[in-house]
Amino acid sequence: MRIAVYLPLLLCLFAPLGARPLSERCEPRLATWLLTLSSLLLGATSTLSLGLLAITGLIRIPQLAALGHWSAHTAQHDDPTELSIALLAGLLLGGAVLMAARMLWRRARSLAAVAAEAACLPTQDRLVVVDDDIPDAFALPGMPGRIVVSTGMLHTLDETEHDILLAHERAHLTAHHYAFVALAQLGAAANPLLRPLATVVTYTVERWADEAAVTTTGDRIRVARTVGKAALASYRTSARTPGAVLGLLGRRSHRNPLATAGPVPRRVAALLAPPLSRRPALAVATAAVLAAAALASAEAAHDLHRLLETVGVS
């Protein structure tokens, strides 16, 4: 446990550094899968590492060691983990479990409420038109889900752009994008270091839906124009200026103008560029990182099992 137990925690420090580059260099569907699995697995393995470290502290306490028929004296001698580290890990573990459970409960309640609301909405081909001057469009998960579009959004876009908008929202429903976002957020709830991964997943699912709209219409430029047009129409009704919301204001990067841009300008830029490839090298590198985290957790658990056998008393 001297090294293996800390490796998942160390990987969680560096994983966010590769989240945005992965989202911008890899095909959106694959990027979504890789980032979601990374957040979920790294969140699980880092939580397991905290649990293993906490257990090494518990077996040093004579009263608790007696319950498990362990020798506290032998544990203090053979265990390489400092008691202070074990106690800190226990506190962090409690927080991780509490936040993950809270997130699961709130997400389950919200999904149930959304599904019930979707089932009650009158629909034709899963499309619900709401009489509202504010431009808006979104997908409601359910069995089946619903696509909700306001009359304000329909008036903003022309007929061809309506088809692009519906193709985008249908992609959210058919690919169950809400599940990817929820799972990525679950990993981030267990380990706040992974929040950048969950944030990027909310971007890659939008890119995934954008590319689905391109596949349906066959016109990348038209889809890019529709995305920008719909976003600007929506943000005109908000308290902020469109430039600020779209990430077009603030400090500029001379090397890459999109480095500090918001998600919508990056989506438009990606649509105006050639489609991204799957980048097998990035997939292999991500798989290697996740495999290292899983193997390190398994090795640490095995070492703890051997330690418990060593300190066991009859």
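What you see is a predicted model; the values in this text were computed from it and never measured. Residue positions are counted from 1 within each chain, in the order its sequence is given. With the structure being a predicted model, the display of local features is reserved for residues of pLDDT at least 70 and the display and counting of side-chain atom pairs for 80 or more, all residues being used for whole-chain, interface and lining totals. Side-chain measures were taken over the full set of non-hydrogen atoms in the model, leaving aside hydrogen atoms and water.

Draft legend 1. Up close: the nonpolar core. As used here, the term nonpolar core means buried Ala, Val, Leu, Ile, Met, Phe, Trp, Tyr and Cys residues forming a set that is joined through side-chain atoms within 4.5 Å. For the exposure calls, accessible area comes from a 1.4 Å probe over protein chains only, and a residue counts as buried if that area is under 20% of its type's maximum, exposed if over 50%, partly exposed in between. Counting residues in each nonpolar core, the largest one holds 25 residues, and the members touching the most others are Leu35, Leu42 and Val201. Helix and strand assignments come from DSSP, with helices taken as H or I runs of at least 4 residues and strands as E runs of at least 2, each series counted from the N terminus. At the level of elements, α1 (7-14), α2 (19-25), α3 (28-58), α9 (177-190), α10 (195-217) and α14 (280-311) are the ones that each hand at least two residues to this core. Broken down by element, this core gets its largest block of residues, six residues, from α10. Grouped together as the second largest cluster of nonpolar side chains are 11 residues, Ile164, Val214, Val227 and Ala231 included.

Draft legend 2. Structural context of helix α13 (residues 263-272). Here α13 lies mainly inside the structure; seven of its 10 residues are buried. All buried positions along α13 are accounted for by Val264, Pro265, Arg266, Arg267, Val268, Ala270 and Leu271. On its buried side, α13 packs onto α2, α8 (159-174), α10 and α11 (220-235). We call two residues in contact when some of their heavy atoms are within 4.5 Å.

Draft legend 3. Examining the packing of aromatic side chains more closely. Any two of the Phe, Tyr and Trp rings considered here, Trp counted by its six-membered ring, make a pair once their centres fall within 6.5 Å; the pair's planes then place it as stacked at under 30 degrees, edge-to-face at over 60, or tilted in between. A complete count under the given rule lists two aromatic pairs for this structure. Criterion for a charge above a ring: Arg CZ or Lys NZ at most 6 Å from the ring centre, at most 35 degrees from the ring normal. Directly above the aromatic system of Tyr203 lies the positively charged group of Arg266, at a separation of 4.1 Å from the ring centroid.

Draft legend 4. Broad picture of the packing of α3 against helix α6 (residues 83-120). The convention used is that axes are lines fitted to C-alpha atoms, helices contributing only their stretch in contact, and that angles between N-to-C directions extend from 0 to 180 degrees. One can describe the packing of α3 onto α6 by two numbers: an axis separation of 7 Å at closest approach and a directional angle of 135°. Overall, the two elements α3 and α6 adopt an arrangement that is oblique. The interaxial crossing formed by α3 with α6 has left-handed handedness. Of the residues in α6, those in contact with Thr47, Leu50, Gly51, Leu53, Ala54, Thr56 and Gly57 of α3 are Leu83, Ala86, Ala89, Gly90, Leu92, Leu93 and Ala96. When an angle is under 35 degrees it counts as roughly parallel; over 145 it counts as roughly antiparallel; between 65 and 115 it counts as roughly perpendicular; any other value is oblique. Crossing handedness: left-handed means the near helix sits turned counterclockwise from the far one by under a right angle, and right-handed means the same turn made clockwise.

Draft legend 5. Main features of the pattern of salt bridges. We define a salt bridge as a side-chain nitrogen of Lys or Arg found within 4 Å of a carboxyl oxygen belonging to Asp or Glu. Overall, the coordinates contain eight salt bridges when judged by the stated rule. In this structure, Glu206 and Arg267 form a salt bridge, with 3.9 Å as the shortest nitrogen-oxygen distance. One end of the pair, Glu206, is in helix α10; the other, Arg267, is in helix α13, with 61 residues separating them in the sequence. We classify Glu206 as partly exposed; its relative accessible area is 24%. A salt bridge links Asp210 to Arg267, with the shortest nitrogen-to-oxygen separation between them at 2.8 Å. With Asp210 in helix α10 and Arg267 in helix α13, the pair connects residues that are 57 residues apart, well separated along the chain. There is no split in this pair, since Asp210 and Arg267 are both buried.

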